[in-house]
Amino acid sequence: MTYLIAADLPTTAPGARFRALLQRPEILAIPGAHNGLAAIQARDTGFEALYLSGAAVSASMGLPDLGILTVDDVCFHIRQIARASQLPILADGDTGYGETLNVMHMVRSFEDAGAAAVQMEDQLLPKKCGHLNDKQLASPNDMAAKVNAAKRASRDLVIVARTDAAASEGIEGAVARARLYLEAGADAIFPEALTSVEMFREVAARLPGVKLLANMTEFGRTPALTAREFQDLGYSMVIWPVSSLRVAAKAQEALYAEIRSNGSPAALLPAMQTRAELYDTIRYFDYEALDRSIVATVLPS
């Protein structure tokens, strides 16, 4: 399958496909994919939706996750991941890149780029990773206005409202905000940085029937749980937002150290995809077959 053949492309809008996945009884497992190659690998493994993390995009650009990204930065990544995988994408919209009109512009831009859903948080700029300290929150009403603006701008995009209030306002504050965001038009709620199984269970109990998203980021404040454990707690989605980038970055670090120390990457050849494996992953020969003017590639033996 290549994105160049119209008959191979989905005929249903990304948002509708994402909503259909959420209607199934089992939890929707959504790994992060920080580029098109990672997206193909996740799809080929059997995943049916992908998450695009602002933290992963920032880090891949050599920047901290402090609200520096622009809408166009993220749209570039949405387009390549959607094109490569054809899977519905939940994209990180940070704080909406501004106020009402900026939020509406973000939604239209993300949807036009191919996103299925957007996650927007109730922090103030400069925002921080949800698992860090001293996050500054917008007022509940200001965030609700953003959610409502996002809903009005969306043709089909699923709106996921994230609240970071648990750390400073407790479960009561987080749940109160979640209810307000749902009234404003949110399709799902993302209670960020819950620190115990009991907190996850309590939030789900207080928001019966609501589609809830759990964040299983490494090295954060949330206990390590499996997708099935989150499902049993009442959650509809779970993301692993930066895992692919962390693994890739660690491998690259080892590669550069090896070349610097020994003048060759030869020792790491067993850890590399071969040329044949890479070409199989990206469907190199499928693309080649579409253009008879290209001489068929013969791999080096």
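Further up the page is the structure itself.
So, here's what we can say about the structure.

**Side note on helix H1 (residues 14–22)**
What H1 keeps buried is the set Gly15, Phe18, Leu21 and Leu22. Seen end-on, H1 carries its buried residues on one side only, within an arc spanning 120°.

**Comments concerning unusual backbone geometry**
Unusually for a residue other than glycine, Ala193 sits at a positive phi of about 60°. On the secondary structure map, Ala193 appears in the loop between strand E6 (188–191) and helix H8 (197–206). Look at Ala193 and you get buried, because its relative accessible area is 7%. One non-glycine residue, Arg283, lies in positive phi territory at about 60°. With respect to the helices and strands, the residue Arg283 is situated in the loop between helix H11 (275–281) and helix H12 (284–290).

**Some words on the sheet that holds strand E7 (residues 213–215)**
Here we have three strands laid out as an open sheet, ordered E1-E8-E7, and parallel in their pairing. A strand with exactly one partner marks an edge of an open sheet, and here the two such strands are strand E1 (28–31) and E7. Neighbour-to-neighbour, the strand axes of the sheet open up by a mean angle of 20°, direction not taken into account. The pairing of E7 with strand E8 (residues 237–240) spans three bridges and is parallel. Bridging across to E8, Asn215 finds its partner in Ile239.

**Section: the environment of Arg108**
Positionally, Arg108 belongs in helix H5 (residues 100–113). For Arg108, a relative accessible area of 21% puts it in the partly exposed group. Residues Arg108 and Arg155, spaced 47 residues apart in sequence, show a C-alpha to C-alpha distance of 8.3 Å. Those residues in contact with Arg108 that sit more than four places away from it in its chain are Ala153, Ser154 and Arg155. Here Glu111 takes part through its side chain, which lies 2.6 Å from a polar atom of the side chain of Arg108.

**Side note on the pairing of E1**
Of the two faces of E1, the one carrying Leu28 and Ile30 and the one carrying Ala29 and Pro31 are both buried. Taken together, the four bridges between E1 and E8 define a ladder with parallel strand orientation. Each residue of the ladder has a partner; that of Ile30, found in E8, is Ile239.

**Overview of the sheet that holds strand E2 (residues 50–52)**
An order of E2-E3-E4-E5-E6 is seen for the five strands of this open sheet, with the pairing classed as parallel. If you trace the sheet from one side to the other, it starts and ends with E2 and E6, each paired once. The sheet shows a mean angle of 25° between the axes of neighbouring strands, direction not considered. When strand E3 (residues 89–92) meets strand E4 (residues 117–121), the two strands line up parallel, connected through three bridges. Bridging from a neighbouring strand, Ala91 pairs with Val118 of E4. The strands touched by helix H4 (residues 71–85) are E2 and E3; relative to E2, the strand with the most contacts, the crossing angle is about 160°.

**As for the pattern of salt bridges**
Applying the stated criterion across every chain yields a total of 19 salt bridges. Between Asp44 and Arg283 there is a salt bridge; the shortest N-O distance is 2.6 Å. Taken together, the positions of Asp44 in helix H2 (residues 36–45) and Arg283 in the loop between H11 and H12 put the pair 239 residues apart, joining distant regions of the chain. Its relative accessible area of 41% is what places Asp44 among the partly exposed residues. With relative accessibility at 23%, the residue Arg283 sits in the partly exposed group. Two residues, Arg108 and Asp112, come together in a salt bridge whose shortest N-O distance is 3.0 Å. With Arg108 and Asp112 both in helix H5 and four residues apart, this pair spans about one turn of that helix.

**Comments concerning the packing of aromatic side chains**
Counted by the stated rule, this structure contains eight aromatic pairs. Relative to Phe285, the ring of Tyr284 lies with its centre 5.3 Å away and its plane at 70°, an arrangement referred to as edge-to-face. Overall, Tyr284 belongs to the partly exposed group, its relative accessible area being 29%. We classify Phe285 as partly exposed; its relative accessible area is 29%. For the cation-ring pair, Arg162 lies above Phe190, with the distance from its terminal atom to the ring centre recorded as 5.5 Å.

Definitions and cut-offs
Positions within a chain are numbered from 1, following the residues in the order the chain's sequence is written. Per-residue local features are limited, in this predicted model, to residues with pLDDT of at least 70; the limit for side-chain atom pairs, both in listing and counting, is 80 or more; totals at the level of whole chains, interfaces and linings are taken over all residues. Water and hydrogen atoms play no part in the side-chain values, which are based on all heavy atoms of the structure. Think of it in three bands: residues with accessible area under 20% of the maximum for their type are buried, residues over 50% are exposed, and the middle band is partly exposed, with areas taken using a 1.4 Å probe on protein chains only. Helix and strand assignments follow DSSP, with helices taken as H or I runs no shorter than four residues and strands as E runs no shorter than two, numbered in order from the N terminus. For this quantity, the arc is that covered by the directions from the helix axis to the C-beta atoms. For two strands to pair, DSSP has to find at least two bridges joining them. Note on geometry: axes are lines fitted to C-alpha atoms, helical ones only across the stretch in contact, with angles between N-to-C directions running from 0 to 180 degrees. Between two residues, a contact is recorded if the distance between any of their heavy atoms is within 4.5 Å. Pairing of N or O atoms within 3.5 Å defines a polar contact, subject to two protein rules: one partner must be a possible hydrogen donor and the other a possible acceptor, and residues neighboring in sequence count only if both atoms are side-chain atoms. Only one rule defines a salt bridge in this text: a Lys or Arg side-chain nitrogen within 4 Å of an Asp or Glu carboxyl oxygen. In summary, the pairing rule links any two rings of Phe, Tyr or Trp, Trp by its six-membered ring, whose centres are within 6.5 Å, and it sorts them by plane angle into stacked for under 30 degrees, edge-to-face for over 60 and tilted for everything else. Only Lys NZ and Arg CZ are tested; either one counts as a charge over a ring when it is within 6 Å of the ring centre and within 35 degrees of the ring normal.

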